Amino acid sequence: QVQLVESGGGLVQAGGSLRLSCAASGRTFSTYAMGWFRQAPGKEREFVTAISVSGGNTRYADSVKGRFTISRDIAKNTVYLQMNSLKPEDTAVYYCAAGGSIYYYTPGSWDYWGQGTQVAVSS
């Protein structure tokens with residue numbers, strides 16, 4: 001099993017930047033693909049980005065391409081989401097996920113989830 005804890009959420013003005021972190025525990029962290037999803041109030045949880053086991057391949061939702069960057073540090077058991085040029089529509093609770101694939105876009109295809117961290121972007 002792997003346990004995930006997100007951090008770094010907060011309030012930021014439109015056009016600003018924020019970096020989210022997902023700290024993973026468990027000795028098998030390096031065997032999992034990792035992803036980020038987000039969910040706004042009243043909406044379904046949606047795929048944001050994912051990264052392969054070794055960090056060599058990534059996928060992004062069209063809505064965040066060119067603005068968000070996912071990365072992972074195997075030695076630190078941590079996955080990051082760098083968010084630049086933030087827009088009000090990026091406001092959501094962001095969840096870290098593990099155990100899926102960069103080709104899995106549905107939340108049900110991922111095995112482990114963090115508690116979520118809230119990101120609010122003001123206009």
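The present account deals with the structure reproduced in this document.

Moving on: the nonpolar core. The biggest cluster of nonpolar side chains holds 36 residues, and the ones touching the most others in it are L4, L20, M34, W36, F68, M83 and Y94. Those elements that provide at least two residues to this core are β3 (18-25), β4 (34-39), β5 (46-51), β7 (68-73), β8 (78-83), β9 (92-98) and β11 (117-122). Residue contributions to this core peak at five residues, all from β9.

Looking now at the side chain of D90. With respect to the secondary-structure elements, D90 resides in the loop between β8 and β9. A distance of 2.9 Å separates polar atoms of two side chains, one belonging to D90 and the other to R38. One polar contact links D90 to R67, side chain to side chain, over a distance of 2.8 Å. Sequence-distant contacts of D90, defined by excluding residues within four places in its chain, comprise R38, R67, F68, S85, V119 and V121.

Another point: the side chain of E6. Relative to the helices and strands, E6 is located in strand β1 (residues 3-7). We note that E6 is buried and unpaired, the nearest opposite charge coming from R45 at a distance of 7.6 Å. A distance of 2.7 Å separates the side chain of E6 from the backbone nitrogen of C96, its partner in a polar contact. Engagement of the side chain of E6 in a polar contact is seen with the backbone nitrogen of Q115, the distance being 2.9 Å. Aside from chain neighbours lying at most four places away, what touches E6 is S21, C22, W36, Y94, Y95, C96, G114, Q115, G116 and T117.

Thresholds applied
The residue count restarts for each chain, going from 1 along the sequence in the order it is written. Note on the predicted model: pLDDT of at least 70 is required for a residue's local features to be given, and 80 or more for side-chain atom pairs to be given and counted; whole-chain, interface and lining totals, by contrast, use all residues. For the side-chain quantities, the full set of heavy atoms in the structure was used; hydrogens and water were omitted. To qualify as a nonpolar core, a set must consist of buried Ala, Val, Leu, Ile, Met, Phe, Trp, Tyr and Cys residues joined through side-chain atoms within 4.5 Å. Think of it in three bands: residues with accessible area under 20% of the maximum for their type are buried, residues over 50% are exposed, and the middle band is partly exposed, with areas taken using a 1.4 Å probe on protein chains only. Strands are runs of DSSP state E lasting at least two residues, helices are runs of H or I lasting at least four, and both sets are numbered from the N terminus onward. Polar contact criterion, stated in full: a pair of N or O atoms within 3.5 Å, where within protein one must be able to donate a hydrogen and the other to accept it, and residues adjacent in sequence count only if both atoms are side-chain atoms. Whether two residues touch is decided by their heavy atoms; if any such pair falls within 4.5 Å, the residues are in contact. Positive charge is attributed to Lys and Arg, negative charge to Asp and Glu, and no charge count is given to His or to the chain ends. Whenever Lys or Arg places a side-chain nitrogen within 4 Å of a carboxyl oxygen from Asp or Glu, that contact is recorded as a salt bridge.

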